[in-house]
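# Results of the structural survey
Here is what each chain is made of, one letter per residue.
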Amino acid sequence: MRKLLRCSFIVVAAALVARPAAAQETASDTLLTVDHYLDWEQVADPQISPDGSQIVYTRRWVNKIDDKWESALWIAGPDGSHHRFLVKGSDARWSPDGTRILYFADGEPKGTQIFVRWMDAEGASSQVTRLTETPTDAKWAPDGKAIAFVMLVPDSTPWSISLPKPPEGAKWTPAPRVVDDLHYRQDKIGFMQQGFTHLFLVPADGGTARALTSGHWHVGARFDGLAFGAGYDWTPDGRTIVFDGLRDSTWDRQYHVSRIYAVDVASGAIRPLFSRPGFWATPAVSPDGRTVAFTGADSSDQTRRTEDLWTVGLDGSGLRNLSRTLDRDPDNLHWAPDGRGVYFTAPDRGSINVRYADLAGGIRDVTQGPQVVSLTSLTRTLVGVGVHSDPDHAPDVVRIDLRRAQAPPPARVTAVNDDVLANKRLARVEEVWYTSSGGTRVQGWIVKPPAFDPAKRYPLILEIHGGPFAMYNVGFSYMYQNFAANGYVVLYTNPRGSTGYGDAFSNGIDHNYPGPDYDDLMAGVDAVIGRGYVDTTRMYVGGCSGGGVLSSWVIGHTNRFAAAAVRCPVIDWISMAGQSDVPFFTFSFFRQAFWDKPDEWLAHSSLMYVGRVTTPTLLMTGELDRRTPIPQTEEYYAALKMRNVPTVMLRFNGEYHGTGSKPSNFMRTQLYMMSWYGKHRRSGTEQATGAGAH
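What counts, and at which threshold
Residues numbered from 1 in each chain as written. Predicted model: local features only at pLDDT ≥ 70, side-chain atom pairs only at ≥ 80, totals over all residues. Heavy atoms only, no water. Core = buried A, V, L, I, M, F, W, Y, C linked by side-chain atoms within 4.5 Å. Buried < 20%, exposed > 50% of the residue type's maximum accessible area, 1.4 Å probe, protein only. Helix = DSSP H or I, 4+ residues; strand = E, 2+ residues; numbered from the N terminus. Contact = heavy atoms within 4.5 Å. Expected span 1.5 Å × (residues − 1). Pairing = 2+ DSSP bridges. Axes fitted to C-alpha atoms, helices over the stretch in contact; angles between N-to-C directions. Salt bridge = Lys/Arg side-chain N within 4 Å of Asp/Glu carboxyl O. Disulfide = S-S within 2.5 Å.

### Quick word on the nonpolar core
Membership of the largest hydrophobic core comes to 49 residues, with the highest contact counts inside it found for Leu462, Trp573 and Tyr636. Elements represented by at least two residues in this core include exactly β35 (458-464), β36 (489-494), α5 (516-529), β37 (534-544), α6 (546-555), β38 (563-567), α7 (573-579) and α10 (630-642). For this core, the leading source of residues is α5, giving six residues. Look past the residues within four positions of Tyr636 in its chain and what remains in contact with it is Ser552, Ile555, Ile571, Ser606, Leu607, Val610, Val613 and Leu619.

This is the structure we're talking about:
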């Protein structure tokens, strides 16, 4: 992007460290300012060919004209050589013999369709499907002759009424939307089309797709009725597909319940592999076809359970928990080619690394260190690919050599943002552990400005993650690097409720949210203040979703922060239960329904503490948000206005949950927050109240 102003690092750094930016940053070639975001790129879903000679991945970049992310498939050798554009599309999968890839792209008659491209010198592509609904989760049959996929089958019951016929040429108002399911909307989608997701099969050379499953139930393990794709796998002989879902017409009344099934491809006969109640998902079939690995946890009245890695025979026998002692959530399951164990990733204390579960017993680390690594594809020769990031390196495609028990560091295949980061002075990220209430040890990270001087005092931003069952990790953060480039010290931490620290830690807020997580956040702020470089008159707090819950809770319990940026919050649990696309999730935080025990719901609602708030508050939510809908923000805004608390509400156009999916809105989010923070500071003589007050 053309820079509006060219400055040396020394001049810019001095200006930015001295004070936070006002409404607009100063453009810089040596600091990571928002204008560089227009040149930022993303990588995802790398897939290595069966012979290990080529890697295909999805690459995304900013369309600066249409204000959106574009994507295409790129290809490279395993060492990064011969790196080039391949075809417009995404989600490529190699055929079993490596001669073709399937991928998704826009086609006829409309929308997303499945294509197949030959990987020879000619590189011919064919559109395989011509569907009126959107196919997802495509996978090759073992013989390469067919492709399975998941698709919605529309199904609705019309409500006929004896309405008089409109006169010729009349323009009557359209009929109302008929809603008779609890789950009828979803964030990023809006109103969900009525129907059921099922498995289909189409010839790889093109033709008519046929349904493998049918009925008033869904293929795909659903969280609170929401569709996030389906987990399934073929047996090596191509006769059976094992899939997750809930073959039950009561699906609309079930929360966090799914099972593993097997369907006979020829007959369509379906059987459950086992009947143990719980949430079971992402099945992967062993190379010999005898065993199925999957993830999940038993049913529980806890708000959340840490999942385990399980195996069961294809005949339903021998159910085993392979990761009982790990106490971490497994993901990215891949069988070892010899069938003796399963490779997977798991979050742990801010990092995500590859591990191996031996069927004979025991789990070992395969990769180690403060990094975020995925494992998305694996060859028979134990060469894997994934995406890697750490505090100093943006995400890139990497090659992972799994032939040794302890893999060497992942080797970078791409360097898509090296041009953006060239000559940039990046912030230093420092890990910190501290003690909170009850002796709880909590992990966090401090991000310091590039020209940090411990003898100076800096404004502090406490940024709180969402979820709440999620984990801040050590991957590269444009957001925090941008804050630091503007002279802020940033603290991000994993309070109780966070994943990656075991079941007991994540359940530290079980039926008590917000609760001790507030203590953990304030103890983290105290720990950073204790280092002597924080200007306590310029401390700020923000967060989105679960971070919006807690940032609004924080300012209702302490006035130590000079300003807050509360983004996409929940502030009233009772109204949230009827507004959100995750109603069961909302109810799961309380032991009794609000009509039976409203006092508990109110006691954990930030709105009930608005009478204590004096902190100037910026509210930011997407107009289309279905997860924490904008009426939550409006309730809080009206209450703050009634109390004459300085507050502004920003309603982001074109945004569902969050405020930064569109490139321009990401930049706006950063700049509005820093501008708001820059306007406010506490008086040095004002007494702070609340936990950890200074």
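This is not the end of the story, as more comes after the structure.
### Thoughts on helix α11 (residues 663-679)
Compared with an ideal rise of 1.5 Å per residue, which puts 17 residues at 24 Å, α11 spans 25 Å between its outermost C-alpha atoms and is within 8% of the ideal. Burial analysis of α11 places 13 of its 17 residues in the buried class, which makes it a mostly covered element.

### A look at the sheet that holds strand β5 (residues 90-94)
Taken together, four strands build an open sheet; the order of strands is β5-β6-β7-β8 and the sheet is antiparallel. A strand with exactly one partner marks an edge of an open sheet, and here the two such strands are β5 and β8 (125-127). Averaged over all neighbouring strand pairs, the angle between strand axes comes to 25 degrees, with direction disregarded.

### Some remarks on the pattern of salt bridges
Oppositely charged side chains may form a pair once their charged atoms are brought near each other. Per the counting criterion, the structure on display carries 27 salt bridges. Where Asp348 meets Arg349, a salt bridge forms, and the shortest distance between an N and an O atom there is 2.9 Å. According to the relative accessible area criterion, Asp348 is buried, its value standing at 14%. The partner of Arg428 in a salt bridge is Glu430, with the nearest N and O atoms 3.8 Å apart.

### Section: the state of the cysteines
Tallying each qualifying case throughout the model produces one disulfide. Each disulfide pairs two cysteine sulfurs, and for Cys544 the partner residue is Cys568, the sulfurs being separated by 1.8 Å. Judged by the sign of its S-S torsion, about -125 degrees, the bond between Cys544 and Cys568 is left-handed. In this pair, Cys544 is assigned in strand β37 and Cys568 in the loop between β38 and α7, connecting sequence segments 24 residues apart. Of the residues examined, Cys568 reaches a relative accessible area of 0% and is grouped as buried.

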